[in-house]
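Working through the structure, step by step
Here is what each chain is made of, one letter per residue.
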Amino acid sequence: MAALDGMRILDMTQYEAGTSCTQALAWMGADVVKVEAPGRGDPGRGPNGNAEYFIVWNSNKRSVAIDLKSPKGRELFLDLVPKFDVFVENYGPGVIEKLDLTYDVMRTRKPDIIYARLKGFGLDGPWSDFKCYDMVAQAAAGAFSITGEVDGPPMRPGPTMGDAGTGVQMALAICGAYIQKLRTGKGQFIELSMQEAMTYYLRTATSGGRFGERPAGRSGNGGGPYSNLYPCKGDGPNDYLFVMAVTGKMAEALLGVVGGIEDDASTGERTREETMALIREKVTTWTRERKKYDAMRELAEAGVPASAVLTTQDLYTNPHLVERGFVHEVEHPIHGMIKLLRWPVKMSESDVSVKPAPQLGEHTSSVLAADLGLTDKAIDQLAQAGIVNA
């Protein structure tokens, strides 16, 4: 069986922070039913409803399209609530309140509901009404301030940790609440601020600040010659190797591969800065003579942590990831055969196959029939009235 087989989730999320949370749970076997607005659905779907962005964040889910702004649609949704264990939302400030679908409302229908909310700045505090997206949360958490060149301005980080990093933390919290519910029979309310979630990924950076007395700085790509980015043979923009020899033994191994500096010594003693510059020059000369994967292999085999700089395209064909079964091919009704990167966690007693993201309202009829006992005729009437997409 899948690890979360039996857990049912009403997913009222959009874009990425919430959808990454529910996708993580779906990949562990939870039945995730994504509730979307008829006609347009999750804004992440894009204008044609099948944007690649939506597809990579919504695999293994089912889609039900209900107009929650209509009294009938809202009541239909509330009728579904008792059939589920968890509700998750990450709408903008005040949206859930306008829909009158708060925790107090839902627990009148299901007292043991686990009700989870992801917000940019939380539900209270002076910034709680501010709208937020991934990079806004990263800026507010300090990630920009430690990214970039030493003498340059703050820089936007590449990974969308503000969204997906928050989503995974919420998924962990939901799993914890679910285990607690199995023991106590009680549901609970969960709130997570994207700003606060992001600070978890900056703890190493903050650890050099004397517990908040001073800020961490920017270091660019380098931390001295033993931990740095080096150019490799080739003219591509990503023909680079990152080396991270953080122990004395690793540093010795690095010099053992690229060649020591003893023979280059001039008369007199060098300063530490001169020695470090000479080592970096030595490593740079060595890497420039090799393609990045060859350089990676030679150093890695010598015990030096190093990696070629892979592109996002490389991930889909990387021999290591392919052999590990990380890249999956699935049939999508619009895009045909596509490749998706699967959930990275391997569990010996839980395996869930990768399924394509749903079409808008693809499962409306089956969910309403199975959970509420509605007939085909009743569902058709709801569809004709514009209350659902079916």
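Whatever comes next refers back to the structure up there.
Residues numbered from 1 in each chain as written. Predicted model: local features only at pLDDT ≥ 70, side-chain atom pairs only at ≥ 80, totals over all residues. Heavy atoms only, no water.

**What about the overall build of the protein?**
Selection rule: A run of H or I in DSSP becomes a helix once it reaches four residues, and a run of E becomes a strand once it reaches two; helices and strands are each numbered from the N terminus. Think of it in three bands: with a 1.4 Å probe and only protein chains considered, a residue is buried below 20% of the maximum accessible area for its type, exposed above 50%, and partly exposed in between. Any two residues whose heavy atoms approach within 4.5 Å at even a single point are treated as in contact. Shrake-Rupley sampling with a 1.4 Å probe provides the accessible areas, and residues are treated as covered by the protein chains on show and by no other component. Positive charges are assigned to Lys and Arg, negative charges to Asp and Glu, while His and the chain termini are left out of the count. By convention, the charge on Lys lies at NZ, on Arg at CZ, on Asp at CG and on Glu at CD.
Looking only at helices and strands, one finds 15 helices and 12 strands in the protein. Taken across its 390 residues, the protein has 44% of its residues classed as buried. A separation threshold of at least 6 residues defines the contact pool for the protein, and within that pool the share at least 24 residues apart is 70%. With the model as given, the accessible surface of the protein reaches about 20600 Å², and the carbon-plus-sulfur share is 53%. The protein carries 42 positive and 49 negative side-chain charges, and their two centres are separated by 4 Å.

**With respect to helix α11 (residues 272-288)**
The line we're drawing: Expected helix span is given by 1.5 Å per residue-to-residue step, counting one fewer step than there are residues.
End to end, α11 covers 24 Å across 17 residues, agreeing with the expected 24 Å (1.5 Å per residue, within 8%). For α11, every residue scored as buried is listed here: Thr275, Met276, Leu278, Ile279, Val283, Thr284, Trp286 and Thr287. Contacts made by the buried residues of α11 are with β7 (227-231), β8 (240-244), α10 (248-258) and α12 (292-301).

**Notes on the pattern of salt bridges**
Where side chains of opposite charge bring their charged atoms close, a pairing between them can arise. Formally: When a carboxyl oxygen of Asp or Glu lies within 4 Å of a side-chain nitrogen of Lys or Arg, that pair is called a salt bridge.
The tally for this structure, following the rule as stated, stands at 21 salt bridges. When the shortest N-O distance is used, the salt bridge between lysine 110 and aspartate 112 registers 3.1 Å. Salt bridges sharing common partners tie together Arg8, Asp31, Arg62 and Asp371.

**Quick word on unusual backbone geometry**
As a rule of thumb, non-glycine residues mostly have phi less than zero, and peptide bonds are mostly trans rather than cis. One non-glycine residue with positive phi stands out, namely tyrosine 15, at about 55°. In this structure tyrosine 15 comes out as partly exposed when scored by relative accessible area, which is 30%. Positive phi is not limited to glycine here, since aspartate 100 has a value of about 55°. Mapped onto the elements, aspartate 100 comes out in the loop between α4 (95-99) and α5 (103-109).

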